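Summary of structural features
So you can see what is in the structure, the chains are spelled out below.
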Amino acid sequence: MNNNFIMISGPAASGKSTLVYKMKDALDGFVFKPSLAYIELAKINGISIDKAFFDITRDIASDYFCEICKQHKIVIGDQHLAMQHYKDSMLASSNFDTVFPEEPYISTIDYNLFDKLSNKQIKTLLIYLKASPEILFERAYQRHLNDGTLIRNKTLKEVIEEVEAEYYYFNQLINKTGIENYVIDTDNRSSDEVLGNALQKVRKFRR
C-alpha cells in the first residue's frame, strides 16, 4: 500500500486543526504540513522565521516535505491554499500587528509538489472544509474568547476575501493536478460528524 498524504484545507476557523488531530488519533497518522517545511528549514539553516517564506525556495521545501512523507505511512496536515506573504510571515513569527496593510492573496502551493509525491509513490487526498463567512467569523471570535486563539481576520470583509481566495486556489489546484478531493460543508455539522465523513472518504481512498 502506498504512503498517503491527507491534506486538510479551508479558510481560518473552518475546523482544519480539529479534524487533523482527530484523524491523527483515528488513523495513527503523523502530523505535518507543506508550509511547516519552510519553518523547519529556516530553523535548520539559521534563517529568521519571518523570512522563511521569502528565503526558502518552493523546490527545496517540497523536497523536504516529500522526505517527511516517505518516512510515515500516513501524513496528515492542515494547509491554507491562499496566503498573504507579509501578514502570514508576521503571524508565523508571533508578531501580531493590530492592523495589517492591504495585501493580495497568492497561492501557497507548489503544484509540482504533487508530481513529486506521486513519483515517490505517495498518494494525496485533499479534504476541503467549507463554511459561510458569517459562521467562520463567529467561530473565530468564539474560539478567541474560549482559549485566546489568534483572530486572523478581524472583520467580516476580511473573512469573505479569505473564503473567496481559498476556494479560488482550491479549484486551481484541482484543475492543475487532478488530485482526488472531497468537500465537506461544516456549517451545520459537529466536529465528530465532520470526522466521520472524512474517515469514510479516507478509507475508500486507501483501498
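Just so it is clear, the model here is predicted, and its values are computed rather than measured.

Taken in spatial order, the five strands line up as E2-E3-E1-E6-E7 in an open sheet, and their pairing is parallel. Single-partner strands in this sheet number two, and they are strand E2 (30-31) and strand E7 (180-185). Inspection of the sheet shows E2 paired to strand E3 (residues 74-78) by two bridges, in the parallel sense. Bridge pairing links phenylalanine 30 to valine 75 in E3. Lying on the sheet, helix H4 (residues 58-70) is in contact with strand E1 (3-9), E2, E3 and strand E6 (122-130); it crosses E1 at an angle near 120°. Each of E1 and E6 is contacted by helix H6 (residues 112-119), which is oriented at about 140° to E6, the strand it contacts most.

Further remarks concern the confidence of the model for the protein. Per-chain confidence: the protein averages 91 in pLDDT, with 96% of residues scoring 70 or above. Averaged pLDDT values for the elements of the protein fall to 72 in helix H5 (residues 85-92) and rise to 98 in E2.

So, about the packing of helix H2 (residues 34-44) against H4. Following both chains from N to C, one finds H2 and H4 inclined at 105°, their axes separated by 9 Å at the closest point. In this view, H2 runs roughly perpendicular relative to H4, as classed from their interaxial angle. From H2, Pro34, Ala37, Tyr38, Glu40, Leu41 and Ile44 reach across to H4, where they touch Arg58, Ile60, Ala61, Tyr64 and Phe65. Of the residues assigned to the contact of H2 with H4, the class counts are nine nonpolar, no polar and two charged.

Further remarks concern empty space enclosed by the protein. Under the counting rule described, the total for this entry stands at one cavity of 30 Å³ or more. By volume, the largest cavity amounts to about 80 Å³. Around the largest cavity, the lining residues are Ala12, Ala13, Leu136, Phe137, Ala140, Arg143, Leu150, Ile151, Arg152, Asn153, Val159 and Glu162. At the level of elements, helix H7 (133-147) and helix H8 (156-177) are the ones that each hand at least two residues to the lining of the largest cavity. Residue contributions to the lining of the largest cavity peak at four residues, all from H7. Tallied by class, residues from the lining of the largest cavity come to eight nonpolar, one polar and three charged.

The next point concerns the side chain of arginine 152. Checked against the element boundaries, arginine 152 lands in the loop between H7 and H8. Polar side-chain contacts of arginine 152 include one of 3.2 Å to the side chain of glutamine 84. Polar side-chain contacts of arginine 152 include one of 3.2 Å to the side chain of asparagine 153. Beyond its immediate chain neighbours, meaning those up to four positions away, arginine 152 contacts Ala12, Gln84, Lys87, Asp88, Leu91, Tyr105, Glu158 and Glu162.

Attention now moves to H2. Residues spaced three or four apart along an α-helix face the same direction, because each turn holds 3.6 residues. Those residues of H2 lying buried are Pro34, Ser35, Ala37, Tyr38, Ile39, Leu41 and Ala42. One or two steps after H2, the chain reaches glycine 46, where phi turns positive at roughly 70°.

The rules behind each value
Residues numbered from 1 in each chain as written. Predicted model: local features only at pLDDT ≥ 70, side-chain atom pairs only at ≥ 80, totals over all residues. Heavy atoms only, no water. Pairing = 2+ DSSP bridges. Helix = DSSP H or I, 4+ residues; strand = E, 2+ residues; numbered from the N terminus. Contact = heavy atoms within 4.5 Å. Axes fitted to C-alpha atoms, helices over the stretch in contact; angles between N-to-C directions. pLDDT = per-residue confidence, 0-100. Parallel < 35°, antiparallel > 145°, perpendicular 65-115°, else oblique. Nonpolar A, V, L, I, M, F, W, Y, C, P; charged D, E, K, R; others polar. 1 Å grid on protein atoms, 1.4 Å probe; cavity = no way out; pocket = protein on both sides within 12 Å on 5 of 7 lines; lining within 4 Å. Points joined across faces, edges and corners; volume = space filled by probe spheres on them. Polar contact = N/O pair within 3.5 Å; in protein donor to acceptor, adjacent residues only side chain to side chain. Buried < 20%, exposed > 50% of the residue type's maximum accessible area, 1.4 Å probe, protein only.

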